[in-house]
There are 2 protein chains.
Amino acid sequence: MSAVPADAVFRALADPTRRRVLERLGRGPATVGDLAKPFEMALPSFLQHLRMLETAGLVESEKVGRVRTYRLVPERLKLAEDWLARQRRLWETRLDQLDDLLKTLKESES
Amino acid sequence: MSAVPADAVFRALADPTRRRVLERLGRGPATVGDLAKPFEMALPSFLQHLRMLETAGLVESEKVGRVRTYRLVPERLKLAEDWLARQRRLWETRLDQLDDLLKTLKESES
DNA sequence: TCAATAGTTAGGTATTGACCTAACTATTGA
DNA sequence: TCAATAGTTAGGTCAATACCTAACTATTGA
């Protein structure tokens, strides 16, 4: 069943921990330790979230010595944004058409 | 474990079946049967998707006689849109700051 | 050189998601 | 009135998520 990239992106965004990580990375790259600090969670659990973000393509990382640094891949969020924007255009068009219809009906009354 | 509304919205969007349903509803209300027709899936499985969209607040439904009709609740998509827009503003600001910094450095060279 | 640090792997549990079939209820049109 | 229609409920399988602890590897600074 075609696991479209959008699936992974939206699934990655579905978790508050992962959204907070993205917000953090929006202000610049950070190491695993830095990223993990604000969370109660055990490290291995947290790493799973990072892995999920990375496989969704929303972040990328590089290890130097024993330190791995993550940064945002902003283009990837566009996938989600684009879908939502397209969706909004769709129903806005439809509401406009309804509006036109109502206007036409009102005019033909007079 | 604050299950923020955004969680449910993004999770609802994570499945292609549900996104197709939303696209369909973007063109106007439709009954369960109408919505289900394009999908191979058994009806009970499909209903679960509809339920998930409804608990996420993305759609609402009303039953008249034996027919249930679904329609989009567009405001709800704004939750997702807003988060993404805020996120974009964040990292765009940061990239601008980097840009300024680089410009400043270049100027001080000359 | 060796103990502390940074991250990783292995493996276990509980819940939820995505599907199915079978059997049911409520409505409606002939 | 009764068979077809529209949707619903019950219950089962399998994979993935979200967490955990324990034990490990690789790097580095004193």
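Above this text you will find the structure in question.
Residues numbered from 1 in each chain as written. Chains lettered and ligands numbered in written order. Predicted model: local features only at pLDDT ≥ 70, side-chain atom pairs only at ≥ 80, totals over all residues. Heavy atoms only, no water.

Is there a simple way to explain the pairing of strand E2 (residues 59-64) of chain B in this structure?
Look at any regular strand and the pattern is simple: side chains alternate between the two faces of the sheet. Residue and element names in this part refer to chain B. Relative to strand E3 (residues 67-72), E2 runs antiparallel, the two sharing six bridges. Residue pairing in the sheet places Val59 in a bridge with Leu72 of E3. Where E2 folds back on E3, the antiparallel hairpin that results is connected by two residues, among which Gly65 adopts a positive phi of roughly 60°. (Pairing = 2+ DSSP bridges. Helix = DSSP H or I, 4+ residues; strand = E, 2+ residues; numbered from the N terminus.)

What should I look at first to understand the protein's contact with DNA strand D in this one?
With respect to spatial proximity, 23 residues lie near DNA strand D, and among them A:Arg18, A:Ser45, A:His49, B:Arg66 and B:Arg68 are the closest. In DNA strand D, the atoms that sit within 4 Å of the protein are 62% sugar and phosphate, with bases accounting for the remainder. In this structure, a phosphate oxygen belonging to DNA strand D sits 3.2 Å away from a side-chain N or O atom of A:Arg11. Note that a phosphate oxygen of DNA strand D is positioned 3.4 Å from one of the backbone N or O atoms of B:Val32. Counting only elements with at least two residues in the surface near DNA strand D, the list comes to helix H4 (43-55) of chain A together with helix H3 (32-36), helix H4 (43-55) and E3 of chain B. The biggest single contributor to the surface near DNA strand D is H4(A), with five residues. Residues belonging to the surface near DNA strand D are distributed by class as follows: ten nonpolar, six polar and seven charged. (Near = heavy atom within 4 Å. Polar contact = N/O pair within 3.5 Å; in protein donor to acceptor, adjacent residues only side chain to side chain. Nonpolar A, V, L, I, M, F, W, Y, C, P; charged D, E, K, R; others polar.)

Looking at this structure, how should I read the relation of the copies chain A and chain B?
Note that the two copies of the chain are related through a rotation about an axis and a translation along the same axis. Expressed as a screw transformation, the operator carrying chain A onto chain B has a rotation angle of 180° and an axial translation of 0.0 Å, and the superposed copies differ by an RMSD of 0.0 Å. Expressed as an axis order, the relation between the two copies is that of a two-fold axis. A shared binding surface is used by both copies, with 100% of the interface residues of chain A retained as interface residues in chain B. (Least-squares fit on C-alpha atoms with pLDDT ≥ 70 in both. Contact = heavy atoms within 4.5 Å.)

What's the story with the sheet that holds strand E3 (residues 67-72) of chain A in this structure? I'm lost.
Picture the strands of a sheet paired through backbone hydrogen bonds; they go either parallel or antiparallel. Residue and element names in this part refer to chain A. Sheet architecture is open: three strands sit in the order E1-E3-E2, paired in antiparallel fashion. Taken across any chain shown, the strands that pair with only one partner, and hence form the sheet edges, are strand E1 (30-31) and strand E2 (59-64). Against the sheet, H4 contacts E2 and E3, and its axis sits at roughly 120° relative to E2. (Axes fitted to C-alpha atoms, helices over the stretch in contact; angles between N-to-C directions.)

In this structure, what is going on with the pattern of salt bridges? I would like to understand it.
Charged atoms that come close allow side chains of opposite charge to pair. The tally for this structure, following the rule as stated, stands at 14 salt bridges over all chains. Where A:Arg19 meets B:Asp7, a salt bridge forms, and the shortest distance between an N and an O atom there is 2.7 Å. Placement of A:Arg19 in helix H2 (residues 16-26) and of B:Asp7 in helix H1 (residues 5-13) is noted, with the two residues assigned to different chains. A relative accessible area of 7% places B:Asp7 in the buried class. Ionic pairing is found between B:Asp34 and B:Lys37, a salt bridge with its closest N-O pair at 3.6 Å. (Salt bridge = Lys/Arg side-chain N within 4 Å of Asp/Glu carboxyl O. Buried < 20%, exposed > 50% of the residue type's maximum accessible area, 1.4 Å probe, protein only.)

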